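# Breakdown of the fold
Here are the chains, one letter per residue:
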Amino acid sequence: MARTTGSATAGGNLQPGVQMRGPPINLERFCSLLQEHGMGAVSCKGGNCAMLFGSTGAGKSTTLHMLAGSKFTLEAVELETDEAVVGEFGNDTELQLVTQTPIPGVDIGNSSSSQTLLLHSYSDQRTDLIYIDTPGFNNVGDNEGNDITVDAANSAAIMSAIRSCNTLRIVFLINVKDELNTTKAGQIKKLFGVMDKFIRDASTRMHSVLMLFTHCDGFPTHTCVIKLLNKIGRSNVLPDNLKPFLLQALELLKIHGDDLLVKPAEENAQIRMDVVRNLLKNTMVPIADTEAALQCPLSEEVQLSLGLACAQENEKIINSLHQNGLLTDTLGPLKNLRLLNDALRLPNVKLSYTSALHAIKTLADERTQRARAALDKQSFSEVHNFLSIFKCTNLSILSEYMAYIGDESALVNFAKKSRGDINNTCTRYLTELDAALFMDDFDSAVEVLARCKELLKHLGTFMPAKMKEMAAGGAIGKVVAQMNRNNEKARVLIDDKCFESKLASLLNIIRHSSEHCLLQQLIDNAGDDYYAKLTAQLETEVIFIADGLTNSLMDASHAFLVEVSSTDDALVKIQDAQIYLGEQHLGNLAKTKCSECREAFTVLKDQTFQRLKNSITERTWEDAAHFFRCLKAAESLGLDHERHNVESRLLDIQDVASSLLGELVKALDSEQTQNDFHGFVGHACSLGNAVLVLTNCVLSDTSLHRFKREHERLLSEINCKFDQTLLQCQNGLKQHQHKETVDGITVLQEMAHASVGTATRGWSAVMDFDSRIVT
């Protein structure tokens, strides 16, 4: 029953509605058989070959053994059935041909069914020829009758073998016994038709054909075979295009006689094979242009069926590419197309094969471009989906296939470009990571690490091992190394008691990196305790400094004069700790200690100011000078406003001291006028001590010079008054003015009582009083 199917013509175009008769080609089986044939075909490549053709059971394998030098004997074999079996060469016995030197893979049958289902070859070193055993043309496949798939696969394998030969000789094996039992010359017609189908202008290439005759039981000489062939010729059962083959057979028999009769069991069998081998090597004219001479033996119907099967394989490939996008899924159908194209070289097969290859290239190019765009958007899962087309362990095989359309490196270049894009992206991320870490920007570093992690998750299979290590352990290692550097820098600053903004910035960074949950997850909690350890160390150092400073601030002389540099250094450190670290990084105890020592500093200054005021009020000028010097030293300590406060208060103290001394000068003027020499001497001593002790101290330079001049004036005036009183006494005595003399002596007595024995640092109310009064 005929059926209609879409197919491809021998010319290569799909033609719907072609009438197909019989079952279609089973492509999977066809390609499987063709691949099994492949080993035989490969062994022919570039060789000088002699190919044996014959019907099933004609003795091709036996003849190949004989050409290879094998000798045969007839041996009795016990049969498993009660029926007698007719041996390959007649003789109703249970004898079978046996060789002691079998050729591996080339089995010899002893029945009418074929033992050769695949191409086999044997390389003969003596003749430099390769003998090729081919399957028979009936009773093949499943041994249940003609099989279009098997016959087509055999034909394709033979075509491939012929094409791979350097030169070709054809050996026809004619089963004489079969031809004797028929009047239609069926085997001969089919056998001669083989060459006419495979070789163009076969009738012109008769010198490339050798004919051997097997199963010659009942035909002791070649003349008997000649008679049989003449009988066939007279019957006109052969078409005109095959008659040249019959004439060639007759000509060869006439020339070479019995040497063309294959009789394995005879003792002189190898002597005859020497003749055959010589004919093959030296007499026959081989076909040299095997590619040009070869033509497809398949019928148009079979070619149509193959074309349809190839179109379906091409459709499978294209559908697979669009559905799955995996090159791996195309390997099977593509391999089938390649096998068919290499073997048959049919336009329709070539069209399907090249179409599939171009579809693969186009899709690979498209996926590469889409992967690049997705990579720019950081859509790594999309990139993976697009590039999954290249996840094929057999990419090199596909590249070999692509060579057929001149693009052997296309897929590799696409894959290489995509991998290069991924590696460049990874390198860019690592550069961004370096920049972020240089700025201690751990938020940006986390973003880069997360991108690297996602990149590895989805695209790690497309990255070289070194780049994967850089994106994984290398990137994390950079982050951890930066955290370690920051930790070490902060530790050194704390050890050096540098509590300034640099340490505060580092601690802010370290705290952020230590407490950053996502960062710690990405780096497996490396350095998560750095901040806690550093702040504990900082707490200890600040408390130690604060306690030491508090103890030092118990005494103004010690704190402000003897150890002023230590006090200043400690105050600066405490101030820095409070200003830069107090709110964020100091613990409560450290902050309390800092406040306490700052309060102690303020209290000590206040106490010293009070003592200074008391000393000035009490006119204990040495104490006043001491306390003033302490406070003057304290003027350089503390914060700006504290220093300004001390400076202002010292100016106020100077005003107080100047005012007090001014009052003292007024008192001295009054005491001198009233002749209160006791009061004058005491106040004069106090003023003298003040201007002497308070130099560069409590009094400003202007006040100091003023009070020095006042002191000198007062002393000068009292001396003048002494001199005047003394002169008054002297004149009164001379003039006997007793009252003036008594008054003068009374003043002098009061001066004496006030001056004598009063030590005023070398000063006295009246200079050289003792010597002058005696005089």
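Rules behind the numbers
- Residues numbered from 1 in each chain as written.
- Predicted model: local features only at pLDDT ≥ 70, side-chain atom pairs only at ≥ 80, totals over all residues.
- Heavy atoms only, no water.
- Helix = DSSP H or I, 4+ residues; strand = E, 2+ residues; numbered from the N terminus.
- Buried < 20%, exposed > 50% of the residue type's maximum accessible area, 1.4 Å probe, protein only.
- Contact = heavy atoms within 4.5 Å.
- Areas by Shrake-Rupley, 256 points an atom, 1.4 Å probe, with all protein chains shown as cover.
- Expected span 1.5 Å × (residues − 1).
- Core = buried A, V, L, I, M, F, W, Y, C linked by side-chain atoms within 4.5 Å.
- Phe/Tyr/Trp six-rings, centres within 6.5 Å; stacked < 30°, edge-to-face > 60°.
- Lys NZ or Arg CZ within 6 Å of the ring centre and 35° of its normal.
- Pairing = 2+ DSSP bridges.
- Salt bridge = Lys/Arg side-chain N within 4 Å of Asp/Glu carboxyl O.

If you tally the helices and strands in the chain, you get 29 helices and nine strands. Out of the 775 residues in the chain, the part that is buried amounts to 49%. Of the contacts formed within the chain by residues at least 6 apart in sequence, a portion of 72% connects residues at least 24 apart. Counting only carbon and sulfur atoms, one obtains 51% of the accessible surface of the chain, whose full area is about 36800 Å².

So, about helix α26 (residues 677-693). Helix length check: α26 (17 residues) gives 24 Å between terminal C-alpha atoms against 24 Å at 1.5 Å per residue, within 8%. Among the residues making up α26, those that are buried are Phe 677, Gly 679, Phe 680, Val 681, Ala 684, Cys 685, Ser 686, Leu 687, Gly 688, Ala 690, Val 691 and Val 693. On its buried side, α26 packs onto α24 (621-634), α25 (640-673), α27 (701-735) and α28 (738-755).

Turning to the nonpolar core, a few remarks are in order. Proteins that are soluble and globular tend to have nonpolar side chains buried together. Counting residues in hydrophobic clusters, the biggest one holds 187 residues, and the most contacted among them are Phe 30, Phe 213 and Phe 560. When residues no more than four places from it in sequence are discounted, the contact partners of Phe 30 are Ile 25, Thr 149, Ala 152, Ala 153, Ala 156, Leu 306, Leu 340 and Leu 344. In terms of nonpolar packing, the next biggest core, distinct from the first, is built from 42 residues, Ile 616, Val 646, Cys 729 and Ala 754 among them.

It is worth spelling out the packing of aromatic side chains at this point. For any pair of aromatic rings, the description consists of the separation of the ring centres together with the inter-plane angle of the planes. A complete count under the given rule lists six aromatic pairs for this structure. Centroid distance Phe 380 to Tyr 429: 6.5 Å. Interplanar angle 70°. Geometry classified as edge-to-face. Placement of Phe 380 in helix α13 (residues 380-387) and of Tyr 429 in helix α15 (residues 410-438) is noted, with a sequence separation of 49 residues between them. The exposure class assigned to Tyr 429 is buried, which follows from its relative accessible area of 0%. Ring geometry for Phe 560 against Phe 601: centres 6.2 Å apart, planes inclined by 80°, an arrangement best described as edge-to-face. Taken together, the residues Phe 560 in helix α21 (residues 556-562) and Phe 601 in helix α23 (residues 588-617) connect sequence positions 41 residues apart. Relative accessible area serves as the criterion here: at 0%, Phe 560 is assigned to the buried category. The buried category is assigned to Phe 601, whose relative accessible area is 0%. Ring-pair connections join several aromatic residues into one group, and the members of that group are Phe 53, Phe 172, Phe 198 and Phe 245. Across the ring face of Tyr 429, the terminal group of Arg 451 is positioned such that the distance to the ring centre comes to 4.5 Å. The ring of Phe 609 carries Arg 649 above its face, with NZ or CZ at 4.0 Å from the centroid.

With that settled, consider the pairing of strand β3 (residues 48-54). In terms of residue burial, β3 counts as a mostly covered element, since six of its seven residues are buried. Sheet topology note: the β3/strand β8 (residues 167-175) ladder contains seven bridges and is parallel. Note on β8: the bridge partner recorded for Cys 49 is Leu 168. As paired elements, β3 and strand β7 (residues 129-133) share four bridges and run parallel to each other. Paired with Leu 52 across the strands is Asp 133, a residue of β7.

In this structure the tally under the stated criterion is 34 salt bridges. Put simply, Arg 372 and Asp 421 hold a salt bridge, and the shortest N to O gap is 3.4 Å. With Arg 372 in helix α12 (residues 347-376) and Asp 421 in helix α15, this pair connects stretches of sequence that are 49 residues apart. Its relative accessible area of 24% is what places Arg 372 among the partly exposed residues. Residue Asp 640 pairs with Arg 643 through a salt bridge whose shortest N-O separation is 2.0 Å. Here Asp 640 and its partner Arg 643 are both found in helix α25, three residues apart, which amounts to about one turn of the helix.

Quick look at unusual backbone geometry now. The phi dihedral of Asp 201 is positive, around 50°, even though this residue is not glycine. For Asp 201, the location among the structural elements is in the loop between α5 (186-198) and β9 (209-214). Residue classification places Asp 201 among the exposed residues on the basis of a relative accessible area of 55%. Positive phi values are uncommon outside glycine, yet Asp 524 reaches one of about 60°. Checked against the element boundaries, Asp 524 lands in the loop between α19 (517-522) and α20 (530-552).

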